[in-house]
Amino acid sequence: MKTLEELKAIRESMQSQLGLRNESSNRTRVVVGMATCGIASGARPVLTTLSDAVQQKGLTDVTVTQTGCIGLCQYEPIVEVMEPGKDKITYIKMTPEKALEVVEQHLVRGQVVTKYTIAETIG
Amino acid sequence: MYRSHVLVCGGTGCTSSGSTKIIELLQEEINKNGLKDEVAVVQTGCHGLCALGPIIIIYPEATFYSLVQPEDIPEIVSEHLLKGRIVTRLVYKETISEDGIKSLNETDFYKKQKRIALRNCGVINPECIDEYIATNGYEALGRVLTEYTPDQVIQTILDSGLRGRGGGGFPTGLKWKLAKQNEADQKYVCCNADEGDPGAFMDRSVLEGDPHVVLEAMAIAGYAIGANQGYIYVRAEYPIAVERLNIAIKQAREYGLLGKNIFNSGFDFDIDLRLGAGAFVCGEETALMTSIEGNRGEPRPRPPFPAQKGLFGKPTLLNNVETYANIPPIILNGVDWFTSMGTEKSKGTKVFALGGKIHNTGLVEIPMGTTLREVVEEIGGGIPNGKKFKAAQTGGPSGGCIPESHFDVPIDYDNLINIGSMMGSGGLIVMDEDNCMVDIAKFFLDFTLDESCGKCTPCRIGTKRLSEMLDKITNGNGTLEDIEKMEELCYYIKENALCGLGQTAPNPVLSTLRYFKDEYIAHVVDKQCPAGVCKALLSYVIDADLCKGCTLCARICPNGAITGKVKEAHIIDQSKCIKCGACMEKCKFGAISKK
């Protein structure tokens, strides 16, 4: 390594991964239901897809984490997005493909993907 | 990519409470649950809460599990990592609040801390240079080599007001300036990692948790003073630190961050390790350099100072581990940032190893100017078992005891010297009402007596005579005249010893004499040890009215000193009693007391 640019390249590629260890409270939380019902309907690939996408895009102020059953088992896999100071958005019947859309539209651009939300789907 | 990082403390504290086994089991369970590609297990350095080890932190939730046992691992993996349910019973109780689990940074232990030297300890994997780089590692070196002149580096350190963290508090920038001024064909940069004070482990934690910071800072120092070779003198008793330093040096060389032409600047710098063989005196700078040269570790008179004639007779810069750990952050964040913390003459933070009679034993880093009360009562969580605070000992065998009357003095270099102690390397041992101050003085003096290298008479013989006088006092044979003589001898040793070890050896005696003379007087005049520690001045007695004659004490006594018939009051034969206290501990009726 001979330049500060090379150092910076390593730093940036690592920082997105270390962003996982960020502890600031002012973060967007993306929560995936991972109780038996969630896992059975395919929540794990959704969770890993979300986590990978958030790190790849370097969204260091987003936390992807798990939770248990929220009681709407027939709509699993469920993903909730909680942004500081905003209402919680609940996405249902998620797949890895839909999850990528949520990352791209909602987390990066700030536009809720209405067609997958619980409010839109079951009214 | 991983969706979760499981950080396991791999510092010496947690390693000795079994964290290596924990890591193995975690990996096993993670594989078993098919989470191998989703969850990473990372071994880190010390988090500071050594009393609660082994410690695991799971991100992104930042859940802090303490006192984790091997049998808890399957539950953590299947509940937390698989199903996302936090295992509440294992969570550090200070982080549990009514609104769920709060961040570790909001707990009493961490809230008042400001981690600069320890910023990466417990956060990154010390065996991975990329993680260090991710936290802006080697950025300071890169900037210094490409943007700064050596004089600008020195001016920055001078302006920051950084003072030596090894104990003396000499201005670091001035030391660098002096080392630069002396022209020579060869200069050296050394790191003093021969941490030897009883109860102090600040430097070990930095070396174990963030070894690259020391390498980076030494290279910066080398550039500033014009040296291209560095030596880290580290105790052989720190095997984990030695191993991680070796890994770090190897990685830095592979990346070209040590070696020839670093950052294309034409500057060469390399570092080698030298292991100390366990002599306390080798923490003294001239003895340390003598030891690196391959000779017996003995100090020599100064001047000439190391900056003039140091290692192999060449100008040498020697700083302590924690001092180096402050250098890259100062370069990156600027002088104003650093000087915004601390007191007028002591800037920045200081790491202390909290030990003794205190709840949260471990490592804390506080801004200079924090009071002893804040450290003991808030960060340290107070004294266990409702006992009363008596004194805090700082500075190890070179320091002194601070009594409760100075509890609110802001901690900095000058204040501590004014009240008869010193900053020292950062050991902070808390004592309660059950500690005898004469006994404490004797403990530290016996340490320096043992460790005296024997080169100069005041230290070699003076500490021996001092120890004999303290023996006499704790055995109940002392006189008031002995106390006077002892004080006189203390000053004589301070003025005449060759090196820092001898010059500071009497400090524990002098400071206890200053603040706890009544205890010395109780030992010589009343022939009593108020704290009930000095065995020769104690006797255990059985209260005949309370004794039920259960015979338990007689059976437990290891020396057969207790006699009596069943259901009749027992008696202790004082000539046979070895004062172990076993009988008092066992008695169910509170009939045995010590006087």
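Scoring rules and cut-offs
Residues numbered from 1 in each chain as written. Chains lettered and ligands numbered in written order. Predicted model: local features only at pLDDT ≥ 70, side-chain atom pairs only at ≥ 80, totals over all residues. Heavy atoms only, no water. Helix = DSSP H or I, 4+ residues; strand = E, 2+ residues; numbered from the N terminus. Contact = heavy atoms within 4.5 Å. Areas by Shrake-Rupley, 256 points an atom, 1.4 Å probe, with all protein chains shown as cover. Lys, Arg positive; Asp, Glu negative; His and termini not counted. Charge placed at Lys NZ, Arg CZ, Asp CG, Glu CD. Pairing = 2+ DSSP bridges. Axes fitted to C-alpha atoms, helices over the stretch in contact; angles between N-to-C directions. Buried area = accessible area lost by both parts, 1.4 Å probe. Salt bridge = Lys/Arg side-chain N within 4 Å of Asp/Glu carboxyl O. Polar contact = N/O pair within 3.5 Å; in protein donor to acceptor, adjacent residues only side chain to side chain. Buried < 20%, exposed > 50% of the residue type's maximum accessible area, 1.4 Å probe, protein only. Domains from an automatic or database assignment. 1 Å grid on protein atoms, 1.4 Å probe; cavity = no way out; pocket = protein on both sides within 12 Å on 5 of 7 lines; lining within 4 Å. Points joined across faces, edges and corners; volume = space filled by probe spheres on them. Nonpolar A, V, L, I, M, F, W, Y, C, P; charged D, E, K, R; others polar. Phe/Tyr/Trp six-rings, centres within 6.5 Å; stacked < 30°, edge-to-face > 60°. Lys NZ or Arg CZ within 6 Å of the ring centre and 35° of its normal.

Enquirer: What exactly am I supposed to notice about the overall build of chain B here?
Expert: Secondary structure summary: chain B contains 24 helices and 20 strands in total. Taken along its principal axes, the extent of the C-alpha atoms in chain B is 90 × 65 × 40 Å. Taking the intrachain contacts of chain B between residues at least 6 apart in sequence as the baseline, contacts between residues at least 24 apart amount to 69%. Total accessible area on chain B is roughly 23,100 Å²; 48% of this is exposed by carbon and sulfur atoms. Side chains of chain B give 63 positive and 75 negative charges; the mean places of these two sets differ by 5 Å.

Enquirer: What is the right way to look at the sheet that holds strand β12 (residues 349-356) of chain B in this model?
Expert: Whether parallel or antiparallel, the strands of a sheet pair through hydrogen bonds between backbone atoms. Residues and elements named next belong to chain B. Within the open sheet, the five strands sit side by side as β13-β12-β16-β14-β15. Their pairing is mixed. Looking at the sheet topology across the chains shown, the edges are occupied by β13 (362-367) and β15 (400-403). In this sheet, adjacent strand axes meet at a mean angle of 30° when their direction is disregarded. With six bridges joining them, β12 and β13 adopt antiparallel strand pairing. Bridge pairing in β13 links V351 to E365.

Enquirer: Is there a simple way to explain the interface of chain B and chain A in this structure?
Expert: Accessible area lost upon the coming together of the parts serves often as the stated size of an interface. Between chain B and chain A, the residue contacts involve 47 residues of the former and 29 residues of the latter. For the pair chain B and chain A, the summed buried area comes to about 3,300 Å², and 56% of that belongs to carbon and sulfur atoms. Inspection of the region where chain B meets chain A yields three salt bridges. Across the pair E38(B) and R44(A) runs a salt bridge, and its minimum N-O distance is 3.0 Å. The tally of links from chain B across to chain A stands at 15 residue pairs in polar contact (both at pLDDT 80 or more). Broken down by secondary-structure element, the contributors of at least two residues to the side of chain B that touches chain A are β1 (4-9), α3 (73-83), α5 (129-134), α6 (139-147) and β9 (259-262) of chain B.

Enquirer: What is the right way to read the pairing of strand β8 (residues 229-235) of chain B from this model?
Expert: Residues in a regular strand point their side chains to alternate faces of the sheet. With seven of seven residues buried, β8(B) lies mostly within the body of the structure. The alternating pattern of β8(B) places Q229(B), Y231(B), Y233(B) and R235(B) and G230(B), I232(B) and V234(B) on opposite faces, both of which are buried.

Enquirer: How should I be thinking about helix α21 (residues 507-515) of chain B in this particular structure?
Expert: All names here are of chain B. Within α21, eight of the nine residues are buried, leaving the element largely enclosed by the surrounding structure. Buried within α21 are the following residues: N507, P508, V509, L510, S511, T512, L513 and Y515. In this fold, the buried residues of α21 make contact with β15, α17 (437-451), α18 (457-474), α19 (480-496), α20 (500-504) and α22 (517-524).

Enquirer: What is the right way to read the domain arrangement of chain B from this model?
Expert: Residue and element names in this part refer to chain B. What the domain assignment lists for chain B is domain 1 (4-111), domain 2 (129-337), domain 3 (349-432), domain 4 (437-524) and domain 5 (539-594). For domain 1 and domain 2, the distance between their C-alpha centres works out to 33 Å. Counting residues at the interface gives eleven residues for domain 1, matched by eight residues for domain 2. Counting the surface lost from both domain 1 and domain 2, the interface buries some 570 Å², and carbon and sulfur atoms represent 51% of this.

Enquirer: Hey, could you run me through empty space enclosed by the protein in this one?
Expert: Where empty space is left can be seen by rolling a probe of water-molecule size over the atoms. Residue and element names in this part refer to chain B. Across all of its chains, the model carries five cavities of 30 Å³ or more by this definition. Around the largest cavity sit 13 residues that line it, and C557, I562, C577, C580 and C583 are the ones nearest its centre. Classifying every residue of the lining of the largest cavity by side-chain character gives eleven nonpolar, one polar and one charged.

Enquirer: Quick question: what am I supposed to make of the packing of aromatic side chains here?
Expert: In this description, a pair of aromatic rings is defined by centroid distance and the angle of the planes. Residues and elements named next belong to chain B. Evaluated as defined, the whole model comprises eleven aromatic pairs over all chains. Between F443 and F444, the aromatic rings sit 5.1 Å apart at their centres with planes inclined by 80°, giving edge-to-face as the arrangement. Aromatic ring contacts, followed pair by pair, group Y188, Y231 and F312 into a single cluster. The ring of Y238 is capped by R204, whose NZ or CZ atom sits 5.8 Å from the centre of that ring. The cationic tip of R235 hangs over the ring face of Y238; the distance from NZ or CZ to the ring centre is 5.3 Å.

Enquirer: Help me understand the pattern of salt bridges, please; the structure alone is not making it clear to me.
Expert: For the structure shown, the criterion picks out 42 salt bridges over all chains. In this structure, E104(A) engages R109(A) in a salt bridge whose closest nitrogen and oxygen atoms are separated by 3.4 Å. Assessed through its relative accessible area of 27%, E104(A) is described here as partly exposed. Note that K517(B) is salt-bridged to E487(B), the shortest N-O span being 3.9 Å.

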